[in-house]
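# Coordinate analysis (summary)
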Amino acid sequence: MSEQLLTVADSLKDRARAALGSRNLILVGLMGAGKSSVGRIVASQLAIPFIDSDLEIERVSRMTIAELFAAYGEQEFRALEARVIKRLLKSGPRVVSTGGGAFIDDRTRKHIKKGGLSVWLKADLDVLWDRVAKRDTRPLLKTENPKQTLEGLMNARYPIYAQADLTVLSRDVRKEIMADEVLKALIEAQKESAAT
Ligand SMILES: Nc1ncnc2c1ncn2[C@@H]1O[C@H](COP(=O)(O)OP(=O)(O)O)[C@@H](O)[C@H]1O
Ligand SMILES: O=C(O)C1=C[C@@H](OP(=O)(O)O)[C@@H](O)[C@H](O)C1
Ligand SMILES: [Mg+2]
């Protein structure tokens, strides 16, 4: 990378880090949007801890998400998810990637609203489907027609994800580029709030 390009990349990270301050950055959105993989890159760029709420739930329960759904059902999973996310957001700054249903739950959405800045990674159906079709670990997609299920979830959930503080379009570009877009959105939001 040329010296000039390096400076631009460094200043993007530094400016985004300054914009976040001690707040948490919380990624929300549908399965396959890239919350887990992009969140990890964003945290490393900002040099702050990264936590994926699903991995944390699996760690504390010593069960996989699929096992939790099978053993206790979605309602119990949501109650556990709400408790784990509330705890994760108690201190910051951190990047927390949530599972797709987290922001839809009223309790969890309140914890997220209180606990930091939320970013909706928004993607269209074909992008999401291409990505989730590669793995069969998501219990909600174990249906006769998983693409239709995903579309139904999109219709039901998009108005709620729209309540996030920021929206970043999750396009079919490299994860590193998506991470840069999250950093840019963070800087823009800070500029806007400083101007008002
Ligand atoms: N921008 C991207 N480009 C290509 N593949 C991606 C991108 N973002 C995510 N993926 C892939 O899509 C799949 C789902 O991503 P993941 O981060 O687990 O999404 P989520 O946590 O939102 O469900 C993973 O296999 C991941 O590597
Ligand atoms: O959309 C959902 O309700 C879910 C999304 C999953 O996380 P990802 O969005 O990271 O795949 C996981 O929490 C669980 O399977 C339920
Ligand atoms: Mg995930």
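Everything numeric in this text was worked out from a predicted model, so none of it was measured.

## Quick look at the site of ligand 2
In the vicinity of ligand 2, 13 residues are found, and the nearest of them are K35, R78, G100, R138 and R157. Taking K35, its side chain carries an N or O atom lying 2.7 Å from an oxygen atom of ligand 2. About the coverage of ligand 2: the protein hides 95% of its 390 Å² of free accessible area. Per-element accounting of the shell around ligand 2 gives the leading share, three residues, to helix α4 (residues 65–88). Looking at side-chain class alone, the shell around ligand 2 contains five nonpolar, three polar and five charged residues.

## A look at α4
A rise of 1.5 Å per residue sets the reference length of α4, with its 24 residues, at 34 Å; its end C-alpha atoms lie only 18 Å apart and thus fall more than 12% short of the reference. Buried within α4 we find I65, L68, F69, F77, R78, A79, L80, E81, A82, V84, I85 and L88. Turning to α4, the residues buried within the fold contact β2 (50–52), α3 (53–61), β3 (95–97), α5 (106–115) and α7 (146–161).

## Observations concerning the pairing of strand β5 (residues 166–169)
Here β5 shows one buried face, formed by L166 and V168, and one open face, formed by T167 and L169. Both strand β4 (residues 116–122) and β5 contribute to a ladder of four bridges, which runs parallel. Looking at the pairing, K122 lines up with L169 of β5.

## Structural notes on the UniProt feature "binding site: substrate" (unreviewed entry) in the protein chain
Mapped onto the present numbering, the UniProt feature "binding site: substrate" (unreviewed entry) falls at D54, R78, G100 and R157. Among the residues examined, R78 registers a relative accessible area of 9% and is labelled buried. Apart from residues lying up to four places away in sequence, R78 is in contact with F69, G101, A102, D105, R107, T108, L140 and R157. Note on placement: G100 falls in the loop between β3 and α5. Judged by its relative accessible area of 10%, G100 is buried.

## So, the confidence of the model for the protein chain
With 96% of its residues at a pLDDT of 70 or more, the protein chain has an overall mean of 95. Across the whole predicted complex the pTM is 0.95, and at the interface the ipTM reaches 0.98.

## Observations regarding the sheet that holds β3
Sheets are built from strands paired through backbone hydrogen bonds, the pairs being either parallel or antiparallel. As summarised here, the arrangement of the five strands in space is β2-β3-β1-β4-β5, forming an open sheet in which the pairing is parallel. At either margin of the open sheet sits one strand with a lone partner, and together these are β2 and β5. Across this sheet, the average inter-strand angle for adjacent strands is 25°, counted without regard to direction. Against the sheet, α3 makes contact with β2 and β3, and its axis sits at roughly 70° relative to β2, the strand it touches most.

## A short note on the pattern of salt bridges
On inspection of all chains with the given rule, the structure shows 12 salt bridges. The residue R109 makes a salt bridge to D106 at a minimum N-O spacing of 2.9 Å. With R109 and D106 both in helix α5, this residue pair falls three residues apart, about one helical turn. Relative accessible area serves as the criterion here: at 48%, D106 is assigned to the partly exposed category. With its nearest N and O atoms 3.7 Å apart, the salt bridge here joins E176 to R174. Overall, E176 belongs to the partly exposed group, its relative accessible area being 36%. On the accessibility criterion, R174 (54% relative accessible area) is exposed. Look at the salt bridges and you will find they share partners, linking E56, R59 and R87 into a network.

What counts, and where the lines are drawn
- Residues numbered from 1 in each chain as written.
- Chains lettered and ligands numbered in written order.
- Predicted model: local features only at pLDDT ≥ 70, side-chain atom pairs only at ≥ 80, totals over all residues.
- Heavy atoms only, no water.
- Near = heavy atom within 4 Å.
- Polar contact = N/O pair within 3.5 Å; in protein donor to acceptor, adjacent residues only side chain to side chain.
- Areas by Shrake-Rupley, 256 points an atom, 1.4 Å probe, with all protein chains shown as cover.
- Helix = DSSP H or I, 4+ residues; strand = E, 2+ residues; numbered from the N terminus.
- Nonpolar A, V, L, I, M, F, W, Y, C, P; charged D, E, K, R; others polar.
- Expected span 1.5 Å × (residues − 1).
- Buried < 20%, exposed > 50% of the residue type's maximum accessible area, 1.4 Å probe, protein only.
- Contact = heavy atoms within 4.5 Å.
- Pairing = 2+ DSSP bridges.
- UniProt positions renumbered as here; feature names shortened; annotations may be inferred.
- pLDDT = per-residue confidence, 0-100.
- Axes fitted to C-alpha atoms, helices over the stretch in contact; angles between N-to-C directions.
- Salt bridge = Lys/Arg side-chain N within 4 Å of Asp/Glu carboxyl O.

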